[in-house]
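# Report on the structure
Next come the chains, spelled out residue by residue.
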2 protein chains.
Amino acid sequence: MSKKYCYDYPHPAVTTDIVVFTVKDRELHTLLIQRGIEPYKNCWAIPGGFVLENENIDLCALRELAEETGVKNIKLRQLAAYGMPKRDPRGHVITIAYYALIKADDISMKHGSDAADAKWFKIKELPKLAFDHDIILNDAQKALSQGLYDLDNLTVFELLEDKFTIPELQIYFEALSQKTFDRRNFSKKIKDVFPLQDTGDLRKNGPHRPSKIFQLVI
Amino acid sequence: MSKKYCYDYPHPAVTTDIVVFTVKDRELHTLLIQRGIEPYKNCWAIPGGFVLENENIDLCALRELAEETGVKNIKLRQLAAYGMPKRDPRGHVITIAYYALIKADDISMKHGSDAADAKWFKIKELPKLAFDHDIILNDAQKALSQGLYDLDNLTVFELLEDKFTIPELQIYFEALSQKTFDRRNFSKKIKDVFPLQDTGDLRKNGPHRPSKIFQLVI
DNA sequence: TCAAAAGTGTTCTCTTTACACCCATGC
DNA sequence: GCATGGGTGTAAAGAGAACACTTTTGA
């Protein structure tokens, strides 16, 4: 199967890469795969792969993510395109990067998929990454923390079940933005920005007053 | 020259498109070219073209823009990648879109370049555009107006000479954001956000009090 | 002397920040 | 009963919006 795809004009290769974030144990994590093949064999990398013929790039990202990590049915946001000629030793590869936020337990993280291994890493304890993936990951984190209060976006709520408590929400906001907030001000602001509804139920959660359970309206 | 570029894997074609904005007569304009070839022959389009082998995508955008419109030495900002398989009738073409803001008189807008014709259009009086360029243009305008007060960006100042007056600045801000501002509040805010220095000179500009001339520091 | 646009300062409102006390639970 | 974290309101500060009068020029 050598050189069977031919064109009138030179075509650089195109890949998609997907930076997947989650919050576990109050800390921001990202999903990496260990590369099974050269280049950068055994090195950790952002999941991703080549765009197929006539494949929508958004769907390519979803497909590659599912193949390499088992993660499905999530909402991707486009980050940027990276096209330095030297970024891939195999030749000119342009990558279109995406990012997403998901619940950590959405993933069965099964072995036996294309990637040798897929694993959550704390954002503060990353291994050395393949290609320019350190730059991409850094840009993704910036984009993530900027869109937190965007009502059209609702990234954070992809981390939560339908019903949640305000302190729970605060944990996620703090992990995502790498900041801490005053409990009272956070509660006020969050109720102001997002349409939250008090379900009337309480969640007992330890040796202290139970917290109210809310849900997002529409 | 048929089918002489061959690869092991399918490679979609990659182009860059560049949305160039300016402000003339207090109105936002964009630079379009009239296509000389099919598809969409004679239709107006955003300038752009194919990425060459091993060509940095940012440099490709600059090159295509220079070839098609004569515009050089400007700062581009990446907007997004567009990759719907049906967006180009010739096949799967992924485009990486950029946008820029320049002085209207930076352009000699000479004929004899690759494009049949290049012309400024008022953003409110656009012709029908080729491909999905209406969507790209719309996204670019949104991105442009969002970055106006970003000190790391300084887009607006690309429209101005080194020295400028506050009322002049206000005209540009209003055209770019499609809003109007109170003169007094605008003056205060702008001096607050950007490091402006009063040069001590005045600009006489009609039958009224002359305005102070400022410059951006660093 | 008049019209046109530029310069400037104050008040009010709203948003954001800072901060303290009481409450329900599990051990 | 006590430690733990959750619930809430108020005062102060800062940012943004509203607003009016004086100044300089050219005709």
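The preceding data block contains the structure.
The structure reproduced in this document is the subject of the present report. Counting restarts for each chain: residues are numbered from 1 in the order of the written sequence. Each chain is given a letter, starting from A, and each ligand a number, starting from 1, according to the order in which they appear as written. Local features in a predicted model are, by the rule used here, given only for residues with pLDDT of at least 70; side-chain atom pairs are given and counted only at 80 or more, and totals for whole chains, interfaces and linings are based on all residues. Note: side-chain values were computed over all heavy atoms of the structure, leaving out hydrogens and water.

The next thing to look at is the protein's contact with DNA strand C. Residues in close proximity to DNA strand C total 22 residues, the closest being R184, P207 and R209 of chain A together with R183 and P207 of chain B. Definition of nearness: a residue and a molecule or strand are near each other if at least one heavy atom of the residue lies within 4 Å of the molecule or strand. Taken together, the sugar and phosphate atoms account for 42% of what DNA strand C places within 4 Å of the protein. Side-chain atoms alone can form a polar contact between residues adjacent in sequence; in general such a contact is a pair of N or O atoms within 3.5 Å, and within protein one must be able to donate a hydrogen while the other accepts it. Measuring from a base nitrogen of DNA strand C, one finds a side-chain N or O atom of N185 of chain A at 2.9 Å. Within the side chain of K188 of chain A, a nitrogen or oxygen atom sits 3.3 Å from a base nitrogen of DNA strand C. For the surface near DNA strand C, the secondary structure elements donating two or more residues are α4 (183–193) of chain A together with α4 (183–193) and β11 (211–216) of chain B. Looking at side-chain class alone, the surface near DNA strand C contains five nonpolar, five polar and 12 charged residues. Secondary structure elements are taken from DSSP: a helix is a run of H or I of four residues or more, a strand is a run of E of two residues or more, and numbering for both begins at the N terminus. Note that Gly is not counted as nonpolar here; it falls among the polar residues with everything else outside the nonpolar set of Ala, Val, Leu, Ile, Met, Phe, Trp, Tyr, Cys and Pro and the charged set of Asp, Glu, Lys and Arg.

All names here are of chain A. DSSP bridges decide pairing: two strands pair if at least two such bridges lie between them. Ordered in space as β9-β11-β10, the three strands form an open sheet in which the pairing is antiparallel. Because the sheet does not close on itself, it has two edges, and the strands there are β9 (163–164) and β10 (196–203). With five bridges connecting them, β10 and strand β11 (residues 211–216) associate as antiparallel partners. Residue R203 lies in a different strand from β11, and its bridge partner there is S211.

What follows deals with the relation of the copies chain A and chain B. What sets the superposition is a least-squares fit of C-alpha atoms, and only residues with pLDDT of at least 70 in both copies go into it. For the pair chain A and chain B, the relating rotation is 180°, the translation along its axis is 0.0 Å, and the fit reaches an RMSD of 0.0 Å. What the superposition gives is, in effect, a two-fold axis relating one chain to the other. Across chain A, the smallest distance between a C-alpha and the rotation axis is recorded for C6 of chain A, namely 2.0 Å.

Residue contacts are counted whenever heavy atoms from the two residues lie within 4.5 Å of one another. Contacts between the two partners involve 31 residues from chain A, matched on the other side by 31 residues from chain B. Buried area counts how much accessible surface, traced with a 1.4 Å probe, disappears from two parts once they are put together, with both parts' losses summed. Together chain A and chain B conceal approximately 2900 Å² of surface at their shared face, both sides included; 61% is due to carbon and sulfur atoms. Contact with chain B buries area across many residues of chain A, yet D8, P10 and H11 of chain A alone supply 19% of it, more than any other trio. Of all the elements in the fold, those that place two or more residues in the side of chain A that touches chain B are β1 (5–7), β2 (13–24), β6 (77–82) and β7 (93–101) of chain A. Ranked by the residues each element gives to the side of chain A that touches chain B, the list is headed by β6 of chain A, at four residues.

Residue and element names in this part refer to chain B. Salt bridge, as used here, is a side-chain nitrogen of Lys or Arg placed within 4 Å of a carboxyl oxygen of Asp or Glu. This model, assessed by the stated rule, comprises 20 salt bridges over all chains. In this structure, R90 and D88 form a salt bridge, with 2.6 Å as the shortest nitrogen-oxygen distance. Across the pair D182 and R184 runs a salt bridge whose closest N-O atoms are separated by 3.0 Å. With a 1.4 Å probe rolled over the protein chains alone, any residue whose accessible area is under 20% of its type maximum counts as buried; one over 50% counts as exposed, and the rest are partly exposed. Judged by its relative accessible area of 31%, D182 is partly exposed.

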